[in-house]
Amino acid sequence: MNTRSHSNALSPIGVFDSGFGGLTVMREIIKALPHEDIMYVGDTARCPYGPRSLDEVDSFVQQIGSWLIDHGVKMIVIACNTATAAGLVHAQQTFSVPTIGVVEPGARAAVHATINRKVGVIATKATVDSEAYAHAIRNLDAGITVFSTAAPRFVEIAEQGLRMADGPIENFTAQASHVYIRPAFREIAKDYLEPLRRAEVDTLVLGCTHFPLLKTLIGGVMGHDVRLISSALEVSRDVSEILRRQDRLADDTHMPHYEFYSTGDNVEEFSVFGSRVLNMPLASVHHLDFD
Ligand code: DGL
């Protein structure tokens, strides 16, 4: 058990992901809790996590979580489905602060949304192989049929779009940018999603925190009738509820401070691409080495 935490209500919330995807979760936490400080780690040097073994990703979760606790966070959000599938249980057993992942909240939202009880899940290979979503959904409603598909190229597309965009990926009405509406991307999306359409799922879980960036592309293939579920909103509600019940919310006069750490060498690039996801400048970005 990590016992070095001296956190209090003014301590930051720790959020991490393999790269930029977790920023889709961070932006919902900011909307729900605009007075909280947040410390974000993007493990860009080791991204993608999706093709790695669950054991290896679990060791990354231990490393990053321990670092965040040493830096005084009051809770940890594992804002990556792959890292949640690989390391949440171990993290909860060893970390000294409340730690939540993104799989259970996404599963819960899907169970609430489905009417025909056919739910699709798209995620990285590691997340699909772990069957974390199938278990989480069936734990809540054993009558739901889950269809899971690994969509590793969506991570590539999401990252490519971040490089190609010339501004925020989403506008203020949360419509995803047209940077992702390209014939080549649509063909890839059709390959992944056609089997789920044929299975007649009425709800599709975006089981990777990169995928909300592609919701216009994915929604375009799946059609208007299919509900797209991202865990981010649900996770932000859980964070609020945990901190409220533990009486650890920051004061509502507090001016929030956001700090970003990237394990990649190019901190400037992290700052530019990150600002496209978060829709705000990333003022304080540092390099972090886990040697
Ligand atoms: N953002 C990660 C997730 O939610 C996936 C990206 C990766 O493969 O590293 O699973």
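It should be noted that the structure appears before, not after, this text.
For clarity, every value in this text was computed on a predicted model and none was experimentally measured.

Novice: Account for the overall build of the chain, naming residues and giving values.
Specialist: Secondary structure assignment for the chain yields 11 helices and 10 strands. A compact globule built from 291 residues would reach a C-alpha radius of gyration of about 19 Å, and the chain, at 18 Å, matches this within 12%. Principal axes of the C-alpha set define a box for the chain whose edges measure 50 × 45 × 40 Å. Burial analysis of the chain (291 residues in total) assigns 58% to the buried set. A fraction of 77% describes how many contacts in the chain between residues 6 or more apart in sequence connect residues 24 or more apart. Carbon together with sulfur atoms contributes 51% to the accessible area of the chain, which is approximately 12600 Å² in total. One finds the centroid of the 25 positive side-chain charges in the chain at a distance of 6 Å from the centroid of its 35 negative side-chain charges.

Novice: Describe the nonpolar core, naming the residues involved and giving the relevant values.
Specialist: Of all hydrophobic cores here, the largest spans 59 residues; its most connected members are Phe154 and Leu193. Counting residues per element, this core draws most heavily on helix H8 (residues 183–198), at six residues. Setting aside its immediate chain neighbours within four residues, Phe154 contacts Ile122, Ile188, Ala189, Tyr192, Leu193, Phe211, Leu214 and Ile218. Formed by 24 residues, the second largest nonpolar core is a distinct cluster that contains Val57, Trp67, Ala83 and Val97.

Novice: How would you summarise the side chain of Ser240 if you had to cite specific residues and measurements?
Specialist: Residue position: Ser240 is located in helix H10 (residues 231–245). Once residues within four sequence positions are removed from consideration, Ser240 is found in contact with Ala32, Leu33 and Leu249.

What counts, and at which threshold
Residues numbered from 1 in each chain as written. Predicted model: local features only at pLDDT ≥ 70, side-chain atom pairs only at ≥ 80, totals over all residues. Heavy atoms only, no water. Helix = DSSP H or I, 4+ residues; strand = E, 2+ residues; numbered from the N terminus. Rg over C-alpha atoms; globule rule 2.2 N^0.38 Å. Buried < 20%, exposed > 50% of the residue type's maximum accessible area, 1.4 Å probe, protein only. Contact = heavy atoms within 4.5 Å. Areas by Shrake-Rupley, 256 points an atom, 1.4 Å probe, with all protein chains shown as cover. Lys, Arg positive; Asp, Glu negative; His and termini not counted. Charge placed at Lys NZ, Arg CZ, Asp CG, Glu CD. Core = buried A, V, L, I, M, F, W, Y, C linked by side-chain atoms within 4.5 Å.

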